[in-house]
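# Tertiary structure, described
What follows is each chain in one-letter form.
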Amino acid sequence: MIALTEVGLFSHLLALVAYIGLFVAALTKQRRGINLWLAGAALVTALWAGSFVAAMVLDGDLQPWISRLQTLKVGTWIGLLLFLLRPTWLGGEGEGRPAFWVGGILGFVLALQLVIDLTGAGQSALLGEGTVVASLFLVIRIAVSVTGLVLSHNLYIAAGGGQRSGFRLLAIGLAGLFLYDLNFYTLAFLLPPASVDLYNIRGAVNALLVLLFLFATRDTWVRGARISRNVAFQTVAFSGVGFYLIAMSLLAYGLKLVGGNWGTLLQVSFLFATIMLGAVVLVSDRFRAWLRLMIARNFYRYRYDYRSEWLRFIATVSAPGDAQGLPERVVQAVASVLEARGGWLLVPDDDRLSPGAAWQMTGRPPEALAMDSPLVNWLRQDRLLDLDLVRGGDLPDAPELPVWLAADRRYWLVLPAFNRDVLAGVLLIGRSLVPRRLGWEDEELLKTLGRQVGSYVAESRGQSALEEARRFEEFNRRFAFILHDIKNLVSQLSLLARNAERHADNPEFRIDMVATLKESVGKMNALLSWLSQRATGAPAADTAVPVATLLAGLVKSRRGAWPALALHPGEGADRALVRGDAARLEQMFAHLLQNAIDASPAGAPIRFDVAPAGPDLVVTLADRGHGMSARFLRLELFQPFTSTKPGGFGIGAYEAREIARAHGGRLDVASREGEGTSFTTTLPLAGEGERTGAVLLAQGGQA
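Rules of the game
Residues numbered from 1 in each chain as written. Predicted model: local features only at pLDDT ≥ 70, side-chain atom pairs only at ≥ 80, totals over all residues. Heavy atoms only, no water. Helix = DSSP H or I, 4+ residues; strand = E, 2+ residues; numbered from the N terminus. Buried < 20%, exposed > 50% of the residue type's maximum accessible area, 1.4 Å probe, protein only. Contact = heavy atoms within 4.5 Å. Areas by Shrake-Rupley, 256 points an atom, 1.4 Å probe, with all protein chains shown as cover. Axes fitted to C-alpha atoms, helices over the stretch in contact; angles between N-to-C directions. Parallel < 35°, antiparallel > 145°, perpendicular 65-115°, else oblique. Left-handed = near helix turned anticlockwise from the far one by under 90°. Nonpolar A, V, L, I, M, F, W, Y, C, P; charged D, E, K, R; others polar. Salt bridge = Lys/Arg side-chain N within 4 Å of Asp/Glu carboxyl O. Pairing = 2+ DSSP bridges. Phe/Tyr/Trp six-rings, centres within 6.5 Å; stacked < 30°, edge-to-face > 60°. Lys NZ or Arg CZ within 6 Å of the ring centre and 35° of its normal. Core = buried A, V, L, I, M, F, W, Y, C linked by side-chain atoms within 4.5 Å.

The subject of this paragraph is the overall build of the chain. Looking only at helices and strands, the chain features 25 helices and 13 strands. Scored against the burial criterion, the 703 residues of the chain give a buried share of 40%. Of the contacts made within the chain by residues no fewer than 6 positions apart, 68% connect residues no fewer than 24 positions apart. Of the roughly 37000 Å² of accessible surface on the chain, 62% is carried by carbon and sulfur atoms.

And the structure:
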């Protein structure tokens, strides 16, 4: 007889307890007819496991009953399958015959198998005795196992989903039971004798299937059970690793067999190489993204676990950090949903959308998008854009893309961000780790996230506005102190004026009066000088200003202190006029020039270029100073009262931009650390009649 081991004893004790529990559970609730069959199969399986325990603990002569009860066990499980498949065979007239014939044939085969068991040939077959009866016994066992697998498959297909999803779990469990038996008896037939280890471990294998059978008795459990995507990902990943290692181990063993004296070296080297390769693949972001996509596509009705995605989005956006980092975290949150490599957020800036924040995007930043461009008008319809479809010509009604965006293949998607139906920003999403086409579910999720992003962007801009207002409030407090000082000076001068009426003839009083007047004048001049640097608002005058002439005077006045300062007027610059306040415009260019001087080493060239460009006049001031970082340009350069210079108030660049805007223009800046900075001021030209009159007036003045 085949050897029984202590492992087998523990294995079958586990099966005995498990199937007694299943027997009790099957008799309690739901689907009484089905559960009676299930209870009967569980009881016979428990008796089969108990016969193994009895043969090892009580009397070894009971061992033949293990095989006989195995036959009965398989028969009861097949009977359950036939009972469950009965409706599919008895669905109409004349369709009952297949069920009759299948049941009759299986009954005859199982009865024949039981007869062979009673003769003792079953044990002989497992020991490898090659008699005709023993071989017939193994062939019947294999045929019955195959039949069980086929019936389990039919049950799985017939069960479908929904209310009968518990039947699918039952079909999977029975398929596992028959598959193990098929493997065991096939090996015993092809490579006799039967494996002692497989024989003894059968109890534990059968016990593991009880959980699936138990769920089959409780529809509510099945409908309520959900496997999270993370659990599915980890299960599939580690199962794949396990199968990979098994396959590689078998290949390594084959190398050892064929390698002769070099076999061990080949085996160890191959195993190490494959383990390292598997580790590299497993930790690869691209592989993990591909596996998640495959699991979502093939195992779930919906691609996304919305609860998990929402929690991850909120966790990313609300991560610790200052308010200025919020736009960057918003880009990260959206890009992570798509397993994208990075992205940019464009925010409104006057009449265009300018780069505001980036996440993991290196290289040249995107260019600004005009608010009236075809792409922005498309996005205002709450539609996202797959750039690959546009580039490939697969989107007939697609808007015309800017040249730089069509050529830059780092970007995959363009997503609008709305706040109360107003376009609050645009997201440029980088390429996904796993290339794919978007479906309706992706679009709905991204539109929802886009609206959430819009609210965050609006909140961030609102916070920035509040912070700016707070700084102006602080500045106003300074005015209160200044007014207090002026009040004190006025009071002092008023007292001096009253005393002068009585003591004007006193020489000592006159000496004190002169000293007091000088001191008061000095204090007021200092206050006026301080206040004049902070005058903002609309232009005080509205005249045609020859900007080239204005710049020439500014350069001449500063060239003594900075000899490397130069002015290069372009064609038509001397006739170009801009409407506005000459003093304010000079103040704007003076601010920019002073910033360039402060940022440049001694003797470094600084250059003004001025030339008309269509309806505008463009003035560029370029230096070769230390430059500014991209982060400083985006977040701090135009923030009032923020300065990197010792003693600076940080209002020069801010005031220059406000003056340009007050004149209907704009101020752009480009800078690289260690290379220098260029400020470009674009101002609208005055009308033709105004330009002609001003030029004639200037010529007359020169004459």
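The next thing to look at is the packing of helix H21 (residues 547-558) against helix H22 (residues 582-599). When two helices pack together, their arrangement is given by the angle between the helix axes and by the axis-to-axis distance. For the pair H21 and H22, interaxial distance at closest approach is 10 Å and the crossing angle is 45°. Comparing their axes, H22 and H21 come out oblique. Where H21 crosses over H22, the two elements pack in a sense that is right-handed. Within the contact between the two elements, H21 uses Val-547, Leu-550, Leu-551, Leu-554 and Arg-558 and H22 uses Ala-582, Leu-585, Glu-586, Phe-589, Ala-590, Leu-593, Gln-594 and Ile-597. The residue inventory of the contact of H21 with H22, partitioned by class, reads 10 nonpolar, 1 polar and 2 charged.

Across all of its chains, the model carries 14 salt bridges by this definition. Because the salt bridges share partners, they merge into one network encompassing Asp-349, Asp-350, Arg-657, Glu-658 and Arg-661.

Once that is clear, we can look at the pairing of strand S10 (residues 606-613). Remark: a regular strand shows side chains that alternate across the two faces of the sheet. Sheet topology places strand S8 (residues 565-569) next to S10; 5 bridges connect them, and they run parallel. Paired with Pro-569 across the two strands is Val-610, which belongs to S10. Sheet analysis places S10 next to strand S11 (residues 616-623), joined by 8 bridges and oriented antiparallel. Note on S11: the bridge partner recorded for Ile-606 is Asp-623. The antiparallel hairpin formed by S10 and S11 contains 2 residues in its connecting segment, where Gly-614 sits at a positive phi of about 65°.

With that settled, consider the sheet that holds S10. A sheet is described by the order of its strands in space; here 5 strands give the open sequence S8-S10-S11-S13-S12, paired in mixed fashion. Of all strands in the sheet, those with a lone pairing partner are S8 and strand S12 (666-672), marking the two edges. Taken pair by pair, the neighbouring strands of this sheet meet at an average axis angle of 15°, ignoring direction. By the bridge criterion, 7 bridges tie S12 to strand S13 (residues 676-684) in an arrangement that is antiparallel. Counterpart to Ala-670 in the pairing with S13 is Ser-678.

Attention now goes to unusual backbone geometry. Positive phi outside glycine occurs at Gln-360, with the angle close to 55°. Along the polypeptide, Gln-360 turns up in the loop between strand S2 (352-359) and strand S3 (369-370). We classify Gln-360 as exposed; its relative accessible area is 55%. In the Ramachandran plot, Arg-420 falls in the positive-phi region, its phi being about 55° despite a non-glycine side chain. Here Arg-420 lies in the loop between strand S5 (411-419) and strand S6 (422-430).

It is at 9 Å that the axes of H22 and helix H24 (residues 652-662) come closest, and there the two elements cross at 145°. Two packed elements cross with a definite hand, and for H22 against H24 that hand is left-handed. Seen from H22, the contacting residues are Arg-584, Gln-587, Met-588, His-591, Leu-592 and Asn-595; seen from H24, they are Gly-652, Ala-653, Glu-655, Ala-656, Ile-659 and Ala-660. Taken together, the residues of the contact of H22 with H24 sort by class into 6 nonpolar, 4 polar and 2 charged.

As a further point, take the packing of aromatic side chains. For the structure on display, the rule yields 5 aromatic pairs. Ring geometry for Phe-52 versus Tyr-199: centroids 6.3 Å apart, planes at 45°, classification tilted. In this pair, Phe-52 sits in helix H2 (residues 32-57) while Tyr-199 sits in helix H8 (residues 196-208), placing the two residues 147 residues apart along the sequence. We note that Phe-52, like Tyr-199, is buried. On the numbers, 5.0 Å between centres and 70° between planes, the contact of Phe-184 with Tyr-185 is edge-to-face. Neither Phe-184 nor Tyr-185 differs from the other in exposure class; each is buried. Joined through ring pairs, the aromatic side chains of Phe-52, Phe-184, Tyr-185 and Tyr-199 make up one cluster. Directly above the ring of Trp-65 sits Arg-68, whose terminal nitrogen or CZ lies 4.9 Å from the centroid.

All right, on to the sheet that holds S6 then. Within the open sheet, the 6 strands sit side by side as S3-S2-S1-S6-S5-S4. Their pairing is antiparallel. Only two strands of the sheet have a single neighbouring strand rather than two, namely S3 and strand S4 (385-386).

Core analysis: the biggest nonpolar cluster contains 52 residues, and Tyr-19, Trp-77, Leu-155, Leu-170, Phe-178 and Phe-213 have the highest contact counts within it. Beyond its immediate stretch of four places on either side in the chain, Leu-155 contacts Leu-81, Leu-84, Leu-85, Phe-167, Leu-170 and Ala-171. Counting 37 residues, the second-largest nonpolar core is a separate cluster that includes Val-545, Phe-589, Ala-590 and Phe-679.

Before going further, it helps to spend a moment on the side chain of Arg-657. Within the secondary structure, Arg-657 is located in helix H24. Judged by its relative accessible area of 18%, Arg-657 is buried. The residues touching Arg-657, leaving out its near neighbours within four places in the chain, are Phe-638 and Leu-667.

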